[in-house]
Amino acid sequence: MRITVLAGGVGGSRFVRGVREECARRWPDSEGGTEASVTVVVNTGDDIWLSGVRLMPDFDSLLYSLAGVNDTERGWGRAGETERVSAELREWGVGWPWFTLGDLDLGTHLARTEWLRTGLTPSQVGERLQRRWPLGVRLIPATDTEVDTYVHVDAADLAAHDAEPPAGAPTRAEMHFQEWWTRYRATVPARAFRQRDIESARPAPGVAEAIADADLVLVAPSNPVVSIGTIVSIPGMREALAATSAPVVGVSPIIGGKVVRGMADACLPAIGVETSAEAVGRHYGSRRDGGLLDAWLVDETDAAAAAALNADGLHAASAPLWMHDLDRSADLAGAAIDLGREAGRTTGRTGD
Ligand code: FO1
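Calculation rules
Every residue gets a number counted from 1 within its own chain, in the order that chain's sequence is written. Where totals are concerned, whole chains, interfaces and linings use all residues; where local detail is concerned, this predicted model gives features only for residues with pLDDT of at least 70, and gives and counts side-chain atom pairs only at 80 or more. Excluded from the side-chain calculations are hydrogens and water; all other atoms, namely the structure's heavy atoms, are used. Working definition: helices are DSSP H or I runs of at least four residues, strands are E runs of at least two. Numbering for both runs from the N terminus. Just to be clear, the radius of gyration here is over C-alpha atoms, and the globule rule we use is 2.2 Å times residues to the power 0.38. Categorising residues by exposure relies on relative accessible area from a 1.4 Å probe, with only protein chains included: less than 20% of the type maximum marks a residue as buried, more than 50% marks it as exposed, and the intermediate range marks it as partly exposed. Contacts are assigned to residue pairs that have any heavy atoms within 4.5 Å of one another. Reported accessibility uses the Shrake-Rupley method at a 1.4 Å probe radius. Residues are deemed covered only where the shown protein chains occlude them. Note that His is not counted, nor are the chain ends; the positive residues are Lys and Arg, and the negative ones are Asp and Glu. Note that the charge is assigned to NZ on lysines, CZ on arginines, CG on aspartates and CD on glutamates. Paired strands are those between which DSSP finds at least two bridges. Only C-alpha atoms enter the line fits that serve as axes; for helices the fit covers just the stretch in contact. Angles between N-to-C directions range over 0 to 180 degrees. If an angle is under 35 degrees, it is roughly parallel; if it is over 145, roughly antiparallel; if it lies from 65 to 115, roughly perpendicular; otherwise it is oblique. The hand of a helix crossing depends on one turn: near helix anticlockwise from the far one by less than a right angle means left-handed, and clockwise means right-handed. Residue classes follow a fixed rule: Ala, Val, Leu, Ile, Met, Phe, Trp, Tyr, Cys and Pro count as nonpolar, while Asp, Glu, Lys and Arg count as charged, and any other residue, Gly among them, counts as polar. Crossovers are described as right-handed under a simple rule: with the strands pointing away from the observer, the path leading from the first strand over the helix to the second runs clockwise. Only buried residues count toward a nonpolar core. Its members are Ala, Val, Leu, Ile, Met, Phe, Trp, Tyr and Cys residues joined through side-chain atoms within 4.5 Å. Near residues are defined by distance, with any heavy atom within 4 Å of the molecule or strand qualifying the residue. Any N or O atom pair separated by 3.5 Å or less is treated as a polar contact, with the protein-specific requirement of one donor-capable and one acceptor-capable atom, and with residues adjacent in sequence counted only for side-chain atom pairs. Start and end points for every domain follow an automatic or database-based domain assignment. In this analysis, the expected span of each helix is defined as 1.5 Å times one less than the number of residues it contains. The quantity reported as buried area is the accessible area (1.4 Å probe) lost by two parts once they are put together, taken as the sum for both. Any Lys or Arg side-chain nitrogen found within 4 Å of a carboxyl oxygen on Asp or Glu counts as a salt bridge.

### Some words on the overall build of the protein chain
Here's step 1: Looking only at helices and strands, one finds 14 helices and 14 strands in the protein chain.
Here's step 2: Over its C-alpha trace the protein chain gives a radius of gyration of 20 Å, about what one expects of a compact globule, namely 20 Å for 352 residues.
Here's step 3: Each principal axis of the C-alpha atoms in the protein chain carries an extent, and together these give about 60 × 45 × 35 Å.
Here's step 4: Burial analysis of the protein chain (352 residues in total) assigns 54% to the buried set.
Here's step 5: For the protein chain, long-range pairs separated by at least 24 residues make up 71% of all intrachain contacts whose partners lie at least 6 apart in sequence.
Here's step 6: For the protein chain, the exposed surface amounts to about 15000 Å²; the carbon and sulfur share of it is 50%.
Here's step 7: The positive charge centre, built from 34 side chains, and the negative charge centre, built from 49, are 1 Å apart in the protein chain.

In structure tokens form, the structure reads like this:
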């Protein structure tokens with residue numbers, strides 16, 4: 001069984017741990033792992049150069065979480081972290097005072113930056129990083145091109161947070177996604193999201209094959225705008241998803257009109273999509289209408305959305321989406337795998 005998952009960071013990490021666990025239950029190997037192969041195509045739109053190092057937050061969230069060395073409270077960074085270097089950087093005025101680079105985390109960024117400087121690509125660096133811990137799944141950055149996300153805001157909205165802009169200042173401002181999220185906590189209304197150089201990006205080596213050869217493609221409950229949106233905006237990605245014989249099953253990141261984690265509700269208005277399981281399902285669209293999905297999984301509290309979507313030709317079902325613990329995450333992954341089987345039967349795409 002070959003499963004390919006499109007995922008961002010925090011929501012994606014919990015979901016991918018569930019997929020790995022459920023695969024070990026359904027297709028066990030002799031070492032307590034799984035014979036199934038799971039490939040995760042990881043969002044790179046959150047990536048940033050900061051304090052002289054390259055950060056890949058969503059990749060690192062998945063790496064640390066799947067390796068079991070992640071800080072489970074904060075949802076990012078390493079467990080048992082210290083911040084001595086970060087305090088020194090603040091003293092020197094290097095980097096962002098509102099953005100903490102932990103000492104262990106800096107080890108990862110320094111290793112990545114060194115390997116990039118010797119000429120390795122981000123996907124080759126990713127392959128090196130995951131050699132250290134046997135994750136049981138393969139992580140691939142969605143593209144080897146730097147496609148950092150910038151957020152466009154109105155200068156007037158920004159002024160509400162900062163000093164008065166000088167007279168004649170432009171009415172529009174833009175900032176890196178990480179500043180919008182970590183400094184302003186997504187409270188400055190986002191008017192648009194733009195990934196730098198995305199038009200010249202291509203899926204990283206192995207990504208198109210992982211989609212083409214999959215028996216099932218899963219779209220994790222990650223941010224539909226800046227995570228899943230970035231991945232599918234990479235030229236060639238939508239074509240690969242349209243062409244695969246595998247069913248494509250998405251999991252809603254919105255439950256009962258509320259975002260599960262992160263800031264999807266602060267991103268969706270910028271693309272004119274309501275914060276609901278139904279609206280995001282319609283936004284992704286059904287594959288036979290040129291969209292992404294063969295099926296869409298919503299929470300039981302959104303069962304009415306499933307009925308409405310089924311009536312409109314998008315195969316939808318409901319299941320418990322809250323990933324309170326590993327068991328619940330595995331159950332959710334199982335529901336998505338079963339929905340893929342069902343969808344495969346109706347669309348004739350079974351991935352085999
Ligand atoms: N998020 C924060 O809210 N504050 C931070 O200081 C912060 C530091 C940080 C350092 C490395 C890294 O990989 C992630 C970090 N994050 C921080 C989380 C990051 O903004 C998120 O992981 C995603 O980019 C947003 O989904």
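Having seen it, we continue.
### Quick look at the environment of G9
Here's step 1: Within the fold, G9 resides in the loop between β1 (2-7) and α1 (10-26).
Here's step 2: For the pair G9 and L63, spaced 54 residues apart in the sequence, the C-alpha separation amounts to 9.6 Å.
Here's step 3: Those residues within four positions of G9 in sequence are excluded, and the remaining contacts are D58 and S61.

### Some words on the sheet that holds strand β10 (residues 248-251)
Here's step 1: Spatially, seven strands are ordered β5-β2-β1-β9-β10-β13-β14 in an open sheet, and the strand pairing comes out parallel. Every other strand in the sheet has two partners, leaving β5 (138-141) and β14 (315-319) as the edge strands with one partner each. Mean inter-strand twist for the sheet, computed between neighbouring axes without regard to direction, equals 20°.
Here's step 2: The strands touched by helix α2 (residues 57-67) are β2 (37-42) and β5; relative to β5, the strand with the most contacts, the crossing angle is about 170°.
Here's step 3: Contacts from helix α12 (residues 277-284) reach β9 (216-219) and β13 (295-299), with the element oriented near 165° to β13.

### Side note on the packing of α2 against helix α4 (residues 103-117)
Here's step 1: With their axes 12 Å apart at the nearest point, α2 and α4 run at an angle of 120° to one another. Taken together, α2 and α4 sit at an angle that is classed as oblique. In this structure, α2 crosses over α4, and the sense of that crossing is right-handed. Across the interface between the two elements, F59, D60 and Y64 of α2 pack against D105, T108, H109 and R112 of α4.
Here's step 2: When the residues that make up the contact of α2 with α4 are grouped by side-chain class, the tally is two nonpolar, two polar and three charged.

### Description of the pairing of β2
On any regular strand, side chains alternate: one points to one face of the sheet, the next to the other face.
Here's step 1: Of all six residues in β2, five are buried, a share of seventy percent or more.
Here's step 2: Each parallel crossover has a hand, and the one from β1 via α1 to β2 is right-handed.

### Quick look at the nonpolar core
Here's step 1: Ranked by internal contacts, the top residues of the largest apolar core, which has 54 residues, are W180, M237 and W296.
Here's step 2: Here the element with the most residues in this core is α12; it accounts for four residues.
Here's step 3: In terms of nonpolar packing, the next biggest core, distinct from the first, is built from 43 residues, W27, L129, I255 and M323 among them.

### Focus on the site of the ligand
Here's step 1: Taken together, 13 residues are adjacent to the ligand, and D46, T100, Q178, W181 and R185 come closest.
Here's step 2: Within the backbone of T100, one N or O atom sits 2.9 Å away from an oxygen atom of the ligand.
Here's step 3: In this structure, an oxygen atom belonging to the ligand sits 2.8 Å away from a side-chain N or O atom of R185.
Here's step 4: In terms of residue count, the dominant contributor to the shell around the ligand is helix α7 (residues 177-182) (four residues).
Here's step 5: A breakdown of the residues in the shell around the ligand according to their chemical character gives seven nonpolar, three polar and three charged.
Here's step 6: Residue-level mapping places the shell around the ligand at the junction of two domains, with at least three residues from each of domain 1 (2-69 + 112-144 + 200-216 + 229-347) and domain 2 (149-195).

### What to know about α1
Here's step 1: The end-to-end C-alpha separation of α1 is 25 Å, in line with the 24 Å expected for 17 residues at 1.5 Å each.
Here's step 2: Among the residues of α1, G11, G12, S13, F15, V16, G18, V19, E22, C23 and A24 are the ones counted as buried.
Here's step 3: In this fold, the buried residues of α1 make contact with β1, β2, α2, β9, β10 and α14 (326-347).

### Section: the domain arrangement of the protein chain
Here's step 1: Taken as a whole, the protein chain is organised into domain 1 (2-69 + 112-144 + 200-216 + 229-347) and domain 2 (149-195).
Here's step 2: One C-alpha centre belongs to domain 1, the other to domain 2; they are set 28 Å apart.
Here's step 3: Taken residue by residue, the interface counts 11 residues in domain 1 and 12 residues in domain 2.
Here's step 4: Summed over both partners, the interface of domain 1 with domain 2 buries about 930 Å², with 65% contributed by carbon and sulfur atoms.
Here's step 5: The largest share of the area that domain 1 buries against domain 2 comes from D46, M263 and A270, three residues that together contribute 42% of it.
Here's step 6: There are zero salt bridges connecting domain 1 and domain 2.
Here's step 7: Counting every contact that joins domain 1 to domain 2 gives four residue pairs in polar contact (both at pLDDT 80 or more).
Here's step 8: Class assignment for the residues of the side of domain 1 that touches domain 2 results in six nonpolar, three polar and two charged.

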